[in-house]
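Coordinate analysis (summary)
Read off the chains here:
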Amino acid sequence: MHGRWPDNAQCVVTLTVDFDGTSKETGLGQMPLGKFSHGRYSARRGVPRYLGLFKKHRVPATFFVPGFDAEQTPDVVRAISDAGHDVGAHGYLHESFSVGDQEPILLRKTHRILTEVLGRPPVGWRTPGGGKSLLTLRTLKELNYIYDSSEKDNDLPFFPEVDGEVLMDFINLPDNTSSLDDFPFYRVSYTPPSEVLAHWKQEFDATYKEGGLFDLIVHPRTGFGSGSPTRAGVVDQLIDYIKTFPGIVFFRMDELARWCIANPHLWEKGSPKRSALR
Amino acid sequence: MTTFTLSVNLHGCSVELREREAPELLGRYSYGKYLYFGIERILALLDRHTVKATFFVPGFEAVSDPGLIREVAAAGHEIAAHGYLLEDHSQLGEREPELLARAHDALCRATGQAPQGWRAPDGMLSRQTMRHLAALGYMYDSSFQDDDHPYRHAAEEGGLVEVPQNEMLIDATLFNARQTHDRVLKNWTEEFAGLQSEGCYGCMTLHPRPDYGVGRPSRIELLDTFLRHIRRAHPEVGFATCLEVARAAAA
């Protein structure tokens, strides 16, 4: 027993849904019409489908929402929060490209929008598309965020270093966009859903054995996402599978972050060190 | 009888540092910092299977953490050269001899031994690379993908032994194409069976990374499954380092 998780759990599961509505196409300068309309599916069908799925399974989840999408469909974003899920920030126009010194302005803009829509400030952030700079965490700290879920250099939560200082009131909850994200399989390799399910089950088996953090990333869109009945069905079956294991807890990311911050002795401080070899 | 090599390209932050400064290795540029987790798992797996491997190490990685390279060498694995900061050797021009020497010295200092083998970063060489390597005393190269057996390059091209790689047995080929674990395993086992049926040499190339390598727990399991399959289905297969393969070919 590694004693790493709450309630002596063997493995923590975070189900995360990156909203990625029309912000995605709009940010790329595409009109969200016709073949560029996949993002519209998120608010119309994908998000309601996932809310129903999580309700059926009685599991909490985390939704990362671009500010633009919250402006376009505030009721849908409020419904997520009302259903008991965490809502984190995810760029304004899903800026997967570099925005230079505009970054703090955009982070603050989305923060203001989500605060208005939710009636309280978001405390978590995930990078849209992997972009991040030295300005990111500085700004998120100023806005009193407590977690970021964007890093790929660890399998477990860790305290990030900002400007030479390790933050102890802010935790990184790493995300695995190579293997536990729907995009690479449905867009890059066009893998059939049944094979994606088998793959994710194997990912879970290995994470469970190590007592790790299993963070699933799906998008409620059509196209590269998992919004459709067939692909949401994969998530449904995966949750069924995970629930057959003893010692599993499903966590909202904000709750996991608070628990990690309250138990600082368990987590690495700063970048991985060679002591990992022991 | 088939001879099989496990080789590891030790890609840490040297990959991202080609594009970004150290403090900015964040988000999609943070994968290289996973190095220690990946190396730990690969070393443990090699130990479990009692296989000695060849680690191709960029000079930069040996300078930034010589202790890590010594630990790999102390476990009985071969250390070979792999550029300084993963340069494109087809574009270095007159700077190439100097960079090859710099990478060479970095490995000599870290391990106390001169590397005998070299592998081109991203498989990119110039017409001069092999002659420069010969001048530095290298015995073999492992960058080409043009044979099923080791061979010797022409004397006017440096005369090194070639220990050829196999694209389908480079983990990054399939991971970059975002293949599922089951499809990767299927690709590897079918490729191996074909090599074995004709008594060919096989060189597998691994990376300790979480994106295009086997560093993550699920992918180490996948590699473990593949190695157990080889042992069971092809018990006659012998494992050898690149240097052992090169020496046998030169004899």
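Residues numbered from 1 in each chain as written. Chains lettered and ligands numbered in written order. Predicted model: local features only at pLDDT ≥ 70, side-chain atom pairs only at ≥ 80, totals over all residues. Heavy atoms only, no water.

Moving on, we come to the packing of helix α8 (residues 193-210) of chain A against helix α9 (residues 229-242) of chain A. Residues and elements named next belong to chain A. Following both chains from N to C, one finds α8 and α9 inclined at 30°, their axes separated by 10 Å at the closest point. It follows that α8 is roughly parallel to α9 by the angle criterion. For α8 against α9, the interelement crossing comes out right-handed. For the pair α8 and α9, contact is made by Pro-193, Leu-197, Trp-200, Lys-201, Phe-204 and Asp-205 and by Thr-230, Arg-231, Val-234, Gln-237, Leu-238, Tyr-241 and Ile-242, respectively. (Axes fitted to C-alpha atoms, helices over the stretch in contact; angles between N-to-C directions. Helix = DSSP H or I, 4+ residues; strand = E, 2+ residues; numbered from the N terminus. Parallel < 35°, antiparallel > 145°, perpendicular 65-115°, else oblique. Left-handed = near helix turned anticlockwise from the far one by under 90°. Contact = heavy atoms within 4.5 Å.)

Our focus in this paragraph is the pattern of salt bridges. Per the counting criterion, the structure on display carries 26 salt bridges over all chains. The residue B:Lys33 makes a salt bridge to A:Asp153 at a minimum N-O spacing of 3.3 Å. Placement of the pair is B:Lys33 in the loop between β1 (3-9) and α1 (35-48) and A:Asp153 in the loop between β5 (147-148) and β6 (158-159), with the two residues belonging to separate chains. Considered together, B:Lys33 and A:Asp153 belong to a single accessibility category, that of buried residues. Notably, a salt bridge pairs B:Asp211 with B:Arg209, separated by 2.9 Å at the nearest N-O pair. Each member of the pair B:Asp211 and B:Arg209 is classed as buried. Salt bridges linked by common partners bring A:Asp18, A:Arg126, A:Lys152, A:Asp175 and A:Asp215 together as one network. (Salt bridge = Lys/Arg side-chain N within 4 Å of Asp/Glu carboxyl O. Buried < 20%, exposed > 50% of the residue type's maximum accessible area, 1.4 Å probe, protein only.)

All right, on to the interface of chain B and chain A then. Taken residue by residue, the interface counts 35 residues in chain B and 39 residues in chain A. Counting the surface lost from both chain B and chain A, the interface buries some 3,300 Å², and carbon and sulfur atoms represent 50% of this. Across the chain B-chain A interface, the total number found is 20 residue pairs in polar contact (both at pLDDT 80 or more). Among the secondary structure elements, those contributing two or more residues to the side of chain B that touches chain A are α1, α3 (66-74), α7 (181-197) and α8 (217-233) of chain B. Examining the composition of the side of chain B that touches chain A, we find that five residues originate from one element, α1(B), more than from any other. Partitioned by chemical class, the residues of the side of chain B that touches chain A number 12 nonpolar, eight polar and 15 charged. (Buried area = accessible area lost by both parts, 1.4 Å probe. Polar contact = N/O pair within 3.5 Å; in protein donor to acceptor, adjacent residues only side chain to side chain. Nonpolar A, V, L, I, M, F, W, Y, C, P; charged D, E, K, R; others polar.)

Another aspect to go through is helix α5 (residues 103-118) of chain A. Residues and elements named next belong to chain A. Look at α5: 22 Å from first C-alpha to last across 16 residues, which is about the 22 Å you get at 1.5 Å a residue. Taken together, the buried positions of α5 are occupied by Glu-103, Pro-104, Leu-107, Thr-110, His-111, Ile-113, Leu-114, Val-117 and Leu-118. Within two residues after α5, Gly-119 carries a phi angle of roughly 80°, on the positive side. (Expected span 1.5 Å × (residues − 1).)

Distances and angles like these do not, on their own, reveal function.
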